[in-house]
Amino acid sequence: MNYKIELSSEEVPKKWYNINADLPCELPMPKNSEGRNQIEDLQKAFTKAALDQEFATERYIKIPQKVRELYMQMGRPTPLFRAKRLEEKLNTPAKIYYKREDTSPTGSHKLNSAIPQAYFAKKEGVERLTTETGAGQWGTALSLACSLLDLDCTVYMVKVSFNQKPDRKNIMNIYGGEVFASPSENTEFGRKVLAENPDHVGSLGIAISEAMEEALNNDNVKYTLGSVLNHVMLHQTVIGQELKTQLEIANEEPDTMIACVGGGSNFAGALYPFIKDKLDGNSDTKFIAVEPSACPTLTEGKYEYDFGDSNGFTPLLKMYTLGHDFVAPSVHAGGLRYHGMCPQISLLAHEGYINPVTAHQRDVFNAGIQFAKCEGIVPAPETTHAIKAGIDEAIKCRQTGEEKTIVINFSGHGMLDLKGYANYFSGEMPNSK
Ligand SMILES: *Cc1c(COP(=O)(O)O)cnc(C)c1O
């Protein structure tokens, strides 16, 4: 049996897939809120390429050759694995496959968008990129991408994570990224927050505002985002295109495809090329988006216009949202604690093309441990959500006898998140929150 399906470097996709061309109805545009022109701010803060891609409608967008080469040099295509030992352990007739984005040097799928974002910035003459990071995965990927493309990089890391995860800062420093605990003394907004509360632990909303402020005030600085926006989803579609080729080699048609969702980028990247087939009426695959019960955006949020950050610096986006002032409990899956969701995924969920489910924290760690014991890889806390749903589907197949093909996007490894596992073993981890 072929447990590992690999592609050659030359099989890295030559184009990104843009689902804007195939959505079942028109995607609502971002809006300014009353009294503020956030769309103008967006134009100042982002690269021109990012904004062009954000609103592009052509189905395929060519990947620049330099970006393809960097994808290859950083290890793409990533392998597809069959979780045969997990299947045996679960005693299921289902076949379980997982696409390994953990094999990226930074440990997750985030580099797929960090590389092109840094590439286009360099091409536009930008000298430095700024961003925020919560759990640290995006800041790590952008630091590496900036090193590869010879740009400076400044990361505002939410202070509570900065203190909890000193290894993340170390890695960003190794790649040349400059890391500040947010709120910081660097920006006007950070100073204002600190003046009001010197012990503030920070939030993604505050970190976004600090990183954006720098880009708004400096002509040679641009701001980048690692999820939520359409151009990030676009870049990530290299995952799903590779996966298509790999499943063809394995002679499989997926019945169920699963990914965890924070802002939506690994879900979009792995699944959009397959959702296209469903939109075209050519497949009946079920697409499951898994979120933490502590931050149930798709399952319990409202589909309405809301800000992307807590302070109203971004335009209003039509999306599923728990409200921009929602603060999720500090679950270990830091990458899934976002109040909103990618507008494209929100629309697809609203139209019934995606099945959202929630999972409790103890249950996902339990699933992650079950997986690690069979397959050897320790999943990131975010990724364990997808694994939990995959195991549930496989158990259903045991009960019905169906030989379904289940495909999980393995978004990242958890070797830098071992504290979460320790917390699980200590018995102190609360279940849902
Ligand atoms: C960032 C991250 C996520 C969540 O973000 P999405 O944009 O929803 O993919 C999930 N898994 C890992 C490993 C991450 O680093």
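Structure shown above.
A few points on the structure. (Residues numbered from 1 in each chain as written. Predicted model: local features only at pLDDT ≥ 70, side-chain atom pairs only at ≥ 80, totals over all residues. Heavy atoms only, no water.)

## Some details on the overall build of the protein
Here is step 1: Each helix and strand counted, the protein has 18 helices and 15 strands in total.
Here is step 2: Over its C-alpha atoms the protein spans a radius of gyration of 20 Å, differing by no more than 12% from the 22 Å that the globule rule assigns to 433 residues.
Here is step 3: In terms of overall dimensions, the protein has a C-alpha envelope of 60 × 50 × 40 Å along the principal axes.
Here is step 4: The 433 residues of the protein split such that 61% are buried.
Here is step 5: Taking all contacts inside the protein whose residues are at least 6 apart in sequence as the whole, residues at least 24 apart take part in 77%.
Here is step 6: About 16900 Å² of surface is accessible on the protein, with carbon and sulfur atoms providing 46% of the total. (Helix = DSSP H or I, 4+ residues; strand = E, 2+ residues; numbered from the N terminus. Rg over C-alpha atoms; globule rule 2.2 N^0.38 Å. Buried < 20%, exposed > 50% of the residue type's maximum accessible area, 1.4 Å probe, protein only. Contact = heavy atoms within 4.5 Å. Areas by Shrake-Rupley, 256 points an atom, 1.4 Å probe, with all protein chains shown as cover.)

## Considerations on the site of the ligand
Here is step 1: Lys 110, Ser 227, Gly 262, Ser 265 and Asn 266 are the nearest of the 18 residues found near the ligand.
Here is step 2: Interatomic distance of 2.8 Å between a backbone N/O atom of Gly 264 and an oxygen atom of the ligand.
Here is step 3: Note that an oxygen atom of the ligand is positioned 2.8 Å from one of the side-chain N or O atoms of Asn 266.
Here is step 4: Out of a free accessible area of 380 Å², the ligand has 97% covered by protein chains.
Here is step 5: The residue makeup of the shell around the ligand, split by class, is four nonpolar, twelve polar and two charged.
Here is step 6: When residues of the shell around the ligand are sorted by domain, at least three fall in each of domain 1 (4–8 + 67–107 + 233–426) and domain 2 (44–64 + 109–230). (Near = heavy atom within 4 Å. Polar contact = N/O pair within 3.5 Å; in protein donor to acceptor, adjacent residues only side chain to side chain. Nonpolar A, V, L, I, M, F, W, Y, C, P; charged D, E, K, R; others polar. Domains from an automatic or database assignment.)

## Observations regarding helix α6 (residues 137–148)
Here is step 1: In this model, α6 (twelve residues) spans 17 Å end to end at C-alpha, consistent with the 16 Å of a helix rising 1.5 Å per residue.
Here is step 2: Within α6, ten of the twelve residues are buried, which leaves the element mostly enclosed by the surrounding structure.
Here is step 3: By the burial criterion, the buried members of α6 are Gln 137, Trp 138, Gly 139, Thr 140, Ala 141, Leu 142, Ser 143, Leu 144, Ala 145 and Cys 146.
Here is step 4: Looking at the buried positions of α6, the neighbouring elements they touch are α5 (111–123), β6 (128–133), β7 (152–158) and α8 (166–174).
Here is step 5: Where α6 terminates, the next one or two residues include Asp 150, which has phi positive at roughly 60 degrees. (Expected span 1.5 Å × (residues − 1).)

No statement about biological role is implied by the geometric values presented.
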